[in-house]
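# A structural walkthrough
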Amino acid sequence: MEQQEKKQLEPRQCAYADCEVVFTPKRHWQRFCCDEHKKRHHQEANDRLRAITKRYVQAYQLFAKEATDEAAIELAQARRALWDEVS
Ligand SMILES: [Zn+2]
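The rules behind each value
- Residues numbered from 1 in each chain as written.
- Predicted model: local features only at pLDDT ≥ 70, side-chain atom pairs only at ≥ 80, totals over all residues.
- Heavy atoms only, no water.
- Helix = DSSP H or I, 4+ residues; strand = E, 2+ residues; numbered from the N terminus.
- Buried < 20%, exposed > 50% of the residue type's maximum accessible area, 1.4 Å probe, protein only.
- Salt bridge = Lys/Arg side-chain N within 4 Å of Asp/Glu carboxyl O.
- Patch = residues over 30% accessible without salt bridge, like charges linked within 9 Å, V, L, I, M, F, W, Y side chains within 5 Å.
- Areas by Shrake-Rupley, 256 points an atom, 1.4 Å probe, with all protein chains shown as cover.
- Expected span 1.5 Å × (residues − 1).
- Arc of directions from axis to C-beta.
- Contact = heavy atoms within 4.5 Å.

## Side note on the environment of Q77
Inspection of the secondary structure assignment puts Q77 in helix α2 (residues 69–86). With a relative accessible area of 44%, Q77 lands in the partly exposed category. The spacing of Q77 and Y56 is 21 residues in sequence and 8.6 Å in space, taken between C-alpha atoms.

## Let's talk about the pattern of salt bridges
Under the criterion given, the structure shown has four salt bridges. The salt bridge partner of E36 is R40, with a shortest N-O separation of 3.8 Å. Of the two residues, E36 and R40 are both situated in helix α1 (residues 35–65); the distance of four residues between them amounts to about one turn of the helix. The closest approach of N and O atoms between E85 and R48, which form a salt bridge, is 3.1 Å. Taken together, the residues span a long stretch of sequence, with E85 in helix α2 and R48 in helix α1 at a distance of 37 residues. You can call R48 partly exposed: its relative accessible area is 41%.

## Focus: a nonpolar patch on the surface
Taken together, the side chains of L49, W83 and V86 define a hydrophobic patch exposed on the protein surface, amounting to about 310 Å² of accessible area. With respect to the secondary-structure elements, L49 resides in helix α1. L49 gets classed as partly exposed once you look at its relative accessible area, which sits at 32%.

## Examining α2
With 18 residues, α2 should cover 26 Å at 1.5 Å per step; its first-to-last C-alpha distance of 26 Å lies within 8% of that length. Those residues of α2 lying buried are A71, L75 and A78. One side of α2 carries all its buried residues, which in axial view fall inside an arc of 70 degrees. In α2, those exposed residues whose orientation departs by more than 90 degrees from the buried face are D69, E70, R80 and W83. Against the buried residues of α2 lie α1.

## Things to note about the environment of F23
As for its position among the elements, F23 is in strand β2 (residues 22–23). With a relative accessible area of 9%, F23 lands in the buried category. For the pair F23 and T53, spaced 30 residues apart in the sequence, the C-alpha separation amounts to 34 Å. Apart from the residues within four sequence positions on either side, F23 is in contact with P11, R12, Q13, C14, Q30, R31, F32 and C33.

Following this line, the structure appears as structure tokens:
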């Protein structure tokens, strides 16, 4: 049986925010120009999620302790930030 010819993929821009390198991916799911940018992107996403989660937990605890308008607003904003990050 004849093997299917590999299609050359279109060049694309690196998905790392600060990188403008345009590269030709070897696999269709490849989003980064290099392993370094892949690692950094995931590290930064983790750090961001950790910070947002921490803010939400703190807002939740504050609201549980004292249900002021300010605490309610902060909780709503923290929940929205978390939602935006994961959706
Ligand atoms: Zn890159």
